[in-house]
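# Chains, contacts and geometry: an overview
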Amino acid sequence: MGDTIEVAQFSDWMRRYAGVIHENAAMLTELDSAIGDADHGSNMDRGMSAVVAALEAGEFASGADLFKKIGMTLVSSVGGASGPLYGTFFLRFGGKLGDGPVDAQALGVALRAGVEGIVQRGKAEVGDKTMIDAWAPALEAYDAAAPDGLDAALRAAAEAGAGGRDAATPLVARKGRASYLGERSAGHQDPGATSSVLLLEAAAATLA
Amino acid sequence: MKKLINDPADVVSQALLGMEVAHGDRLRVDHEHKVVFRKDAPRSGKVGLVSGGGSGHEPMHGGYVGLGMLDAACCGEVFTSPVPDQMLAATTGVDGGAGVLHIVKNYTGDVMNFEMAAELAADGDVQVRSVVVDDDVAVQDSLYTAGRRGVGTTVLLEKLVGAAAESGRSLDEVTELATRINGVGRSMGLALTSCTVPAAGKPTFELGDDEMELGIGIHGEPGRKRVPMTSAAEAAQLLVDPILTDLPYGTGDSVIAMVNGMGGTPLIELYIMYGEVQRLLEKAGITVARCLVGNYITSLEMAGCSVTLVKADDELVGLWDAPVNTPGLRWGV
């Protein structure tokens, strides 16, 4: 519990996220059945199990090394759209962490780089009813609360992410498989935004 | 869930084991990467054709690997795009020095994973091009959405482009042909039932006995709208009308037509549907130059069908008639 994050805490974040994804896999797949193709929970569960196996098999000197491995593992094991999107997020996130201690400000920079990677790969904007609807307000809230420290910033991010996820529920999807449903996608919670909020909540529980 | 499987987690790998022993004369399987290769790949000087996507659409794509069609197919989990490692293994494995064409169906995941694979392959020495098939008229195309899905035209395109690659055309020529075929191909589908993804264990959506889902894709996803169940004649009209107005096709046009089963509809019904489709086309002054009736691009055990039309000319009919020897399509050999 300090002002900077240790590599071990990053590992804890990923282990906790793997556990949360496993517990919620059926719920995520259920959400995806309504407006997608009923595989988000099982795909993320498979990917995060592979991440946990990679954490156990290797030793990582820095957050940058750790997240490079995690990003590549997700790209190689998840498939669908979530593989490249989460994979790209962690690759870009890790690429910005550097070798030094990671404080609230440095984590904010890395999170923003990760989200920019998602935007670049998925070409989605706020309002398209995707994970970006959770990430964009989460980043804003994070930056606003960062001067108050890691704990405050991560909690604010998780809360704003959940708000963004819920605000996207009434929207008509414009990206991803949900967009094929047109008006019928309105009223359903987005699975990708949901798994993104779980990632933010796991961060708030482990990194601060 | 009633399925002839051993374990929901092993559906794809065990199907590939069976496929390898069934078609070992023509195919070999890289089990680590879940890639089906033509047995004699790579062919020196021939453009390599790689496709792939989620599993559950059999015979597409693994069943279309062989002489006159694909050189390799990457098999993802059921209804889930394969990953870049698989596509890279397929791409380097089929490159005979003339480059490789990726045939990608327009789904967000497929497009992103193939893009990442193409970036990785470009770091090596392989020249990679890609064509994204987006032929589903149920989805209104727009700059602001994911666009139309890739469905039935993919099968016809793989056959036609496969013949062109077999005849020694260059990567540029093969890519141009693939793009042109996608431009003149249109599809529309309907479902009478949903389907069950093995890992999910229950149907993706529920459909009443008196309902059908119009404008479906190939992943058990709900369609554009739910309509009352109707006769084959009216169902054919619901599929053919939006296709004909979309391209548009007109009097005097010639087409390659496919009436495709989604996996759970018997051939006897597909032939009734084909008869109705042919009658509607005739009425519109359109000639069917060649046709396919059967299960070619499926959605597990979903009942229902789709109609695909590709506007044909002499060149395309010639490519269609060229020899093909794959588990899913075989003639002229």
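Treat the numbers as computed from the prediction; the structure is a model and nothing was measured.

The next thing to look at is the overall build of chain B. Scanning chain B from terminus to terminus reveals 8 helices and 14 strands. Across its three principal directions, the C-alpha atoms of chain B cover 55 × 50 × 45 Å. Across the 333 residues in chain B, those meeting the buried criterion constitute 57%. Element-wise, carbon and sulfur atoms account for 53% of the exposed surface of chain B, whose accessible area totals about 12200 Å². Across chain B, the mean location of the 26 positive side-chain charges is 4 Å away from that of the 44 negative side-chain charges.

Now for the packing of aromatic side chains. Residue and element names in this part refer to chain A. A complete count under the given rule lists 11 aromatic pairs over all chains for this structure. Between the aromatic rings of Trp-13 and Phe-93, the centroid separation amounts to 5.7 Å while the plane-to-plane angle is 70 degrees, which identifies the pairing as edge-to-face. Here the residue Trp-13 occupies a position in helix α1 (residues 7–35), and Phe-93 occupies one in helix α4 (residues 82–95), the gap between them amounting to 80 residues. In this pair, the class of Trp-13 matches that of Phe-93, namely buried. Grouped by ring-pair contacts, the aromatic residues Phe-10, Trp-13, Phe-67, Phe-89, Phe-90, Phe-93 and Trp-135 constitute a single cluster.

Take the state of the cysteines next. All names here are of chain B. Taken as a whole and assessed by the stated rule, the structure comprises 0 disulfides over all chains. The thiol sulfur of Cys-305 is not disulfide-bonded, and the nearest other cysteine sulfur, from Cys-291, lies at 14 Å. Classification of Cys-305 by relative accessible area gives buried; the value is 3%.

One widely used convention gives an interface's size as the accessible area the parts lose upon coming together. All names here are of chain B. You can read the domains of chain B as domain 1 (14–184) and domain 2 (185–320). Using C-alpha coordinates to define each centre, domain 1 is positioned 22 Å away from domain 2. Counting residues at the interface gives 34 residues for domain 1, matched by 38 residues for domain 2. For domain 1, the biggest contributors to the area lost against domain 2 are Phe-79, Leu-156 and Val-184; these three give 22% of the whole. Its salt-bridge partner being Glu-315, residue Arg-180 comes within 3.2 Å of it at the nearest N-O pair. The interface formed by domain 1 and domain 2 holds 20 residue pairs in polar contact (both at pLDDT 80 or more) in total.

Residues and elements named next belong to chain B. Along strand β5 (residues 100–105), 6 of the 6 residues are buried, which leaves the element largely enclosed by surrounding structure. Of the two faces of β5, the one holding Val-100, His-102 and Val-104 and the one holding Leu-101, Ile-103 and Lys-105 are both buried throughout. When strand β3 (residues 48–55) meets β5, the two strands line up parallel, connected through 4 bridges. Across the sheet, Leu-49 pairs through a bridge with Leu-101, a residue of β5. With 6 bridges connecting them, β5 and strand β6 (residues 128–133) associate as parallel partners. Its bridge partner being in β6, His-102 is matched across the sheet by Ser-130. As a crossover connection, the stretch from β5 through helix α3 (residues 108–123) into β6 is right-handed.

What counts and how
Residues numbered from 1 in each chain as written. Chains lettered and ligands numbered in written order. Predicted model: local features only at pLDDT ≥ 70, side-chain atom pairs only at ≥ 80, totals over all residues. Heavy atoms only, no water. Helix = DSSP H or I, 4+ residues; strand = E, 2+ residues; numbered from the N terminus. Buried < 20%, exposed > 50% of the residue type's maximum accessible area, 1.4 Å probe, protein only. Areas by Shrake-Rupley, 256 points an atom, 1.4 Å probe, with all protein chains shown as cover. Lys, Arg positive; Asp, Glu negative; His and termini not counted. Charge placed at Lys NZ, Arg CZ, Asp CG, Glu CD. Phe/Tyr/Trp six-rings, centres within 6.5 Å; stacked < 30°, edge-to-face > 60°. Disulfide = S-S within 2.5 Å. Domains from an automatic or database assignment. Contact = heavy atoms within 4.5 Å. Buried area = accessible area lost by both parts, 1.4 Å probe. Salt bridge = Lys/Arg side-chain N within 4 Å of Asp/Glu carboxyl O. Polar contact = N/O pair within 3.5 Å; in protein donor to acceptor, adjacent residues only side chain to side chain. Pairing = 2+ DSSP bridges. Right-handed = clockwise from strand over helix to strand, strands pointing away.

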